[in-house]
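Next come the chains, spelled out residue by residue.
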Amino acid sequence: MKTKNSDNYTKWQKSFERETKIDLNEASSETDEGIEIKPVYTKADIENLSFVDNDSLPGQLPYTRGPKASMYTNRPWTIRQYAGFSTAEESNDFYKKNLKSGQKGLSVAFDLPTHRGYDSDDDLVMGDVGKAGVAIDTVEDMKILFNDIPLDQMSVSMTMNGAVLPVLSSFIVAGEEQNVNKNLLSGTIQNDILKEFMVRNTYIYPPDPSMKIVADIIEFTSKEMPKFNSISISGYHMQEAGADNVLELAYTLADGMEYVRAALSKGLDIDDFAPRLSFFFAIGTDFFMEIAKLRAARTLWYKIMKDFGAKNEKSLILRTHCQTSGVSLTEKDPYNNIIRTSYEALSAILGGTQSLHTNSFDEAIALPTDESARIARNTQLILQNETGVTNTVDPLAGSYFIESLTDELSKKAWDIIEEIESLGGMTKAVKAGVPKLKIEESATKKQAKVDSGSRVVVGVNKFKNPKEPKVDVRVIDNNRVRDDQIKKINDIKASRDQKAVDESLAKLVTAAKEDSNLLACSIDAIKNRATVGEVSKALEQVYGRHFATSLSVSGVYGKHFEGDEDFMNVTKKVNIFEVENGRRPRVLVVKMGQDGHDRGAKIVATSFADMGFDVDMGPLFQSPKDVAKDAIENDVHAIGVSTLAAGHKTLVPELMKSLKEIDSKSKIIVFVGGVIPEQDYDFLYENNISAIFGPGSNIIESAEKVIDLISDKIHKHN
Amino acid sequence: MQLVEKIIKGERAAIAKAITLVESSRENDKKESRKLISELLNKPGKSIRVGFSGPPGVGKSTFIESFGRYLVEKNYKLGILAIDPSSQITGGSILGDKTRMIEISKNPNTFIRSTPSRGSLGGISVGTREASIILDAAGYDFIFIETVGVGQSETMATNLVDIFSLIVGPGSGDELQGIKKGITEYADIFIVNKNDGDLKSEASKTASDYKSAISYYKKSNNTADKEVLLVSAIEQTGMEKVIETIQNIVSQNKKNKNFDERRAKQFTYWIEEEVKEIIQFNIQKKIKADGSISQLSQKVMDGKIQMFEAIEAITQNLQNK
């Protein structure tokens with residue numbers, strides 16, 4: 001039977017093939033997720049969907065169209081900009097300025113020592129204090145951070161996972177000392193440790209005790225802090241580490257399931273805590289995919305929570321914060337980042353996010369300045385006030401393409417969720433290292449696509465700006481911050497009641513051994529002016545510190561370059577090098593300090609190995625001294641330092657010094673890659689760094705440069 | 001030779017450079033390397049060489065980290081040679097051992113060197129033996145040699161180490177059937193790792209499987225007993241027993257001369273290997289210079305002579321040169 005529809009379709013197909021001279025079957029493209037994107041979608045594509053219900057409305061199950069019936073028509077999303085740097089005093093100033101300019105909620109970025117549970121005076125964190133966030137050592141810092149910001153009126157989101165106990169305790173005590181009872185505090189603590197083991201690496205304890213801490217916090221807040229979100233289950237960092245959208249979606253929801261189980265194991269009723277679970281997704285440049293992802297996330301979470309037996313409607317609804325993608329930002333032609341961020345923001349809005357952070361355009365190289373932060377905030381203010389996107393709820397509903405994509409994404413994610421479940425849930429999968437490896441594989445594929453030019457990044461591998469603009473960046477004097485913090489710590493230690501501190505820390509240790517709730521005990525310790533580091537170390541006595549073992553993918557990068565001339569050129573050079581020197585060029589790739597973002601290091605390691613290098617991988621969190629020992633014992637030709645948290649100005653000179661200490665004649669070449677503002681280049685070159693590779697560097701070109709530098713060095717000395 | 005003195009003084013950079021030299025595939029380096037090793041052999045240290053092998057995933061590096069920590073706390077100097085596979089396709093490698101040896105790699109009493117296997121079969125790389133001589137001369141008490149896989153048990157045990165241990169995981173008893181002959185013959189110690197948490201009972205069961213397997217082994221009079229040990233690398237338990245066992249085996253074997261015999265055999269093996277390599281190198285040079293292979297092969301192709309006639313003619317030809 002012929003319908004009008006199929007007649008039209010046949011006609012369309014003919015026209016399409018005539019215009020493009022391509023057979024329609026060949027005209028689809030494939031996304032990173034392995035989803036086929038067709039040139040046209042029709043009504044047929046939204047018949048018989050598996051997860052999406054075409055008749056559902058906003059605020060109705062399965063909540064594909066949004067958690068609320070009115071959405072932005074009633075109240076627009078919350079503009080919640082993530083910020084923090086240097087000392088509490090400076091961050092507090094910055095927050096107050098932003099609130100005056102139209103920002104609605106606060107979102108605190110802590111520095112890496114705080115994340116990893118070290119005080120600023122710890123030798124291990126020399127280069128990291130106040131760099132990628134604000135340094136918090138005691139409750140006094142937390143009080144300064146919220147000075148003149150009434151905590152009963154401000155919702156505060158805190159990105160904290162590792163040192164979640166002392167930091168949340170400090171927040172609660174800071175509230176108390178502002179005369180705000182904890183039951184009035186509103187906001188969110190990230191408290192999502194599983195993804196730390198997968199991608200971000202700012203954990204402290206091993207997975208099992210870490211999960212206990214998560215559950216303790218859910219238990220405590222569900223009873224004592226009704227307005228506070230006990231967890232923000234985050235896919236953001238997965239996408240930043242290179243996960244495609246299906247992996248991000250599936251692993252985030254699978255993490256969520258694991259946290260639900262952890263809370264249930266405390267004897268809580270699901271509806272007591274589930275309404276306070278919140279989510280956090282990244283929004284990258286794949287415009288429609290990102291919209292579909294948020295719709296799919298709500299759809300799947302509804303199904304998951306129903307299966308858990310939740311009855312309260314609020315338990316069934318996924319609410320999420322979103323942030324535009326940091327990894328999509330480029331160092332080259334940086335004003336393009338404003339445009340990228342705007343489209344990403346629009347995706348998040350069309351997907352129905354509850355709050356949003358838009359990145360500043362300079363974040364590929366440094367922390368935002370006042371000026372770049374203003375542009376980022378205005379991106380959202382313009383969307384809210386000028387574009388009309390708030391007038392209609394879920395305006396893309398019914399789009400054949402969007403609905404079909406939402407369903408397709410849901411199906412693919414569901415398969416992966418079931419796979420994780422069959423491994424016994426996310427904690428077990430994480431311990432086995434499965435998700436980490438999958439994400440690294442995905443990251444390496446993406447990088448290969450950019451390096452081979454099959455994916456265009458404007459200003460990077462195509463349409464390059466012949467005259468790169470100079471951009472001013474925010475500079476943090478971490479030595480000054482560290483000195484300030486150390487002074488504050490010493491003052492507090494001199495004036496506090498040491499006996500009370502010791503007793504409350506001892507109680508905390510006992511609580512950990514007896515498996516009772518740790519948050520209550522750590523609040524007491526913090527109230528007595530115990531430091532973040534002291535609370536973390538007390539628990540470390542019981543749980544130990546976690547060290548991740550590191551698996552690597554291989555062959556994924558090289559596969560994209562079969563027959564590629566530049567690639568072959570490097571492998572040829574490597575082979576010649578081997579003949580001439582009796583071994584392959586050998587490079588040690590390291591991270592130093594507390595910066596756990598290892599996507600870049602991993603990609604460099606695997607791709608250099610695919611080009612024939614021998615690549616040594618250092619463990620995370622190495623000190624410059626450790627790196628020097630490692631490099632010299634393995635007699636490497638070069639060290640590649642990956643840095644994303646701005647510690648390089650302290651750590652790299654330290655490394656150079658340590659190398660010379662062990663071997664005064666060391667000829668090891670050092671190159672640096674990652675997030676490095678151009679203002680630092682001269683400083684690094686003065687410290688005998690041989691090459692600097694910023695974000696968006698082509699890895700094949702980088703590898704060639706490294707092998708040339710190594711050869712030069714050898715010839716010079718022969 | 002200055003390098004020798006520096007090695008004996010224990011200078012880290014000198015030891016590292018020396019290892020690079022003995023691993024080098026360059027002809028000049030090989031000559032230098034032979035000179036160096038001859039000098040170092042005159043100044044032997046006191047080290048015990050222990051081989052660790054085992055299938056991937058049993059926690060070899062984690063065990064070495066844990067056991068190593070135990071040893072350096074007791075003030076032993078520990079050298080580690082870890083061999084990682086090179087890619088067959090690209091020739092490159094990822095040497096990630098130190099990501100699993102975090103604590104001991106920082107310790108001043110350790111020297112940890114990873115080496116790519118560079119396509120050498122059996123997982124033992126060119127230069128491992130020489131590297132262990134360097135570390136011995138440099139004063140390391142223990143030299144651990146770690147390889148992937150169990151296939152090279154024989155090479156490892158007969159070629160390189162004083163004690164060969166196999167690390168296995170819980171539940172590996174089933175695989176025992178397949179590898180029984182090789183391991184009962186060559187391994188001195190069986191270490192069952194992951195004796196912790198949920199895996200404890202499985203680990204004990206595996207240990208008894210191994211115990212019963214080695215009971216079939218007919219032991220010759222003058223060798224020490226083989227041992228099966230249970231450890232947990234993560235919880236650092238069972239480590240005293242490992243060092244005790246190593247020391248017992250060493251002292252027993254020293255008493256009954258088995259220790260020296262084993263080292264003597266290794267020298268014979270080494271000499272044989274070197275001779276083979278030199279002959280092969282010379283022959284290859286001759287073959288290149290000669291050219292009769294391609295001529296005669298062509299004749300075989302053309303049907304003018306039989307293949308075996310050609311082979312005989314070529315060998316005759318080469319021998320006469």
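### What about a nonpolar patch on the surface?
Residue and element names in this part refer to chain B. Taken together, the side chains of Leu41, Phe267, Ile271, Val275, Ile279, Ile283, Ile287 and Ile293 present a nonpolar region at the surface, about 630 Å² in accessible area. Of the residues forming the nonpolar patch, the biggest block, 6 residues, is contributed by helix α11 (residues 258-290). With respect to the secondary-structure elements, Val275 resides in helix α11. By relative accessible area, which is 41% here, Val275 ends up partly exposed.

### A closer look at the packing of helix α19 (residues 498-514) of chain A against helix α21 (residues 532-543) of chain A
All names here are of chain A. As a packed pair, α19 and α21 sit with axes 9 Å apart at the nearest point and diverge in direction by 35°. Between α19 and α21 lies a crossing whose hand is right-handed. For the pair α19 and α21, contact is made by Val501, Leu505, Leu508, Val509, Ala512 and Lys513 and by Glu534, Val535, Ala538, Leu539, Gln541, Val542 and Tyr543, respectively. Within the contact of α19 with α21, the residues separate by chemical class into 10 nonpolar, 1 polar and 2 charged.

### Brief notes about the interface of chain A and chain B
At the junction of the two partners, chain A supplies 36 residues and chain B supplies 35 residues. Here chain A and chain B share an interface that buries about 2800 Å² over both sides, 51% of which is from carbon and sulfur atoms. It is Lys629, Glu633 and Asp635 of chain A that lose the most area in chain A upon contact with chain B, and together they represent 20% of the buried surface on that side. Linking chain A to chain B there are 4 salt bridges. Residue Lys98 of chain B pairs with Asp630 of chain A through a salt bridge whose shortest N-O separation is 3.4 Å. Counting every contact that joins chain A to chain B gives 22 residue pairs in polar contact (both at pLDDT 80 or more). Broken down by secondary-structure element, the contributors of at least two residues to the side of chain A that touches chain B are α23 (565-581), α24 (599-610), β13 (614-617) and α25 (624-633) of chain A. With 5 residues, the top contributor of residues to the side of chain A that touches chain B is α25 of chain A. A per-class count over the side of chain A that touches chain B returns 12 nonpolar, 9 polar and 15 charged. Sheet topology places β13 of chain A next to strand β3 (residues 93-95) of chain B; 3 bridges connect them, and they run parallel.

### Some words on the sheet that holds strand β5 (residues 142-146) of chain B
Residue and element names in this part refer to chain B. Sheet architecture is open: 7 strands sit in the order β4-β2-β5-β1-β6-β7-β8, paired in parallel fashion. Both outer strands of the open sheet, β4 (110-116) and β8 (227-230), are each paired with one neighbouring strand and no more. Geometrically, the sheet is characterised by an average inter-axis angle of 20° between neighbouring strands, direction not taken into account. Direction of pairing for strand β2 (residues 78-84) relative to β4: parallel, over a ladder of 7 bridges. Within β4, the residue paired with Leu78 across the bridge is Thr110.

### Details of the confidence of the model for chain B
Across chain B, the average pLDDT comes to 86, with 89% of residues at 70 or higher. By mean pLDDT, the top-scoring element of chain B is helix α2 (residues 12-23) of chain B (96), and the lowest-scoring one is helix α8 (residues 176-186) of chain B (61).

### Some remarks on the environment of Ile37 of chain A
Residue and element names in this part refer to chain A. For Ile37, the position within the fold is in strand β2 (residues 36-37). Taking the relative accessible area as the measure of exposure, Ile37 reaches 19% and is therefore buried. Sequence separation between Ile37 and Leu437 is 400 residues, and the spatial gap between their C-alpha atoms is 26 Å. Setting aside residues no more than four positions away along its own chain, Ile37 makes contact with Ser28, Ser29, Thr31, Phe401 and Leu405.

Basis of the calculations
Residues numbered from 1 in each chain as written. Chains lettered and ligands numbered in written order. Predicted model: local features only at pLDDT ≥ 70, side-chain atom pairs only at ≥ 80, totals over all residues. Heavy atoms only, no water. Patch = residues over 30% accessible without salt bridge, like charges linked within 9 Å, V, L, I, M, F, W, Y side chains within 5 Å. Areas by Shrake-Rupley, 256 points an atom, 1.4 Å probe, with all protein chains shown as cover. Salt bridge = Lys/Arg side-chain N within 4 Å of Asp/Glu carboxyl O. Helix = DSSP H or I, 4+ residues; strand = E, 2+ residues; numbered from the N terminus. Buried < 20%, exposed > 50% of the residue type's maximum accessible area, 1.4 Å probe, protein only. Axes fitted to C-alpha atoms, helices over the stretch in contact; angles between N-to-C directions. Left-handed = near helix turned anticlockwise from the far one by under 90°. Contact = heavy atoms within 4.5 Å. Nonpolar A, V, L, I, M, F, W, Y, C, P; charged D, E, K, R; others polar. Buried area = accessible area lost by both parts, 1.4 Å probe. Polar contact = N/O pair within 3.5 Å; in protein donor to acceptor, adjacent residues only side chain to side chain. Pairing = 2+ DSSP bridges. pLDDT = per-residue confidence, 0-100.

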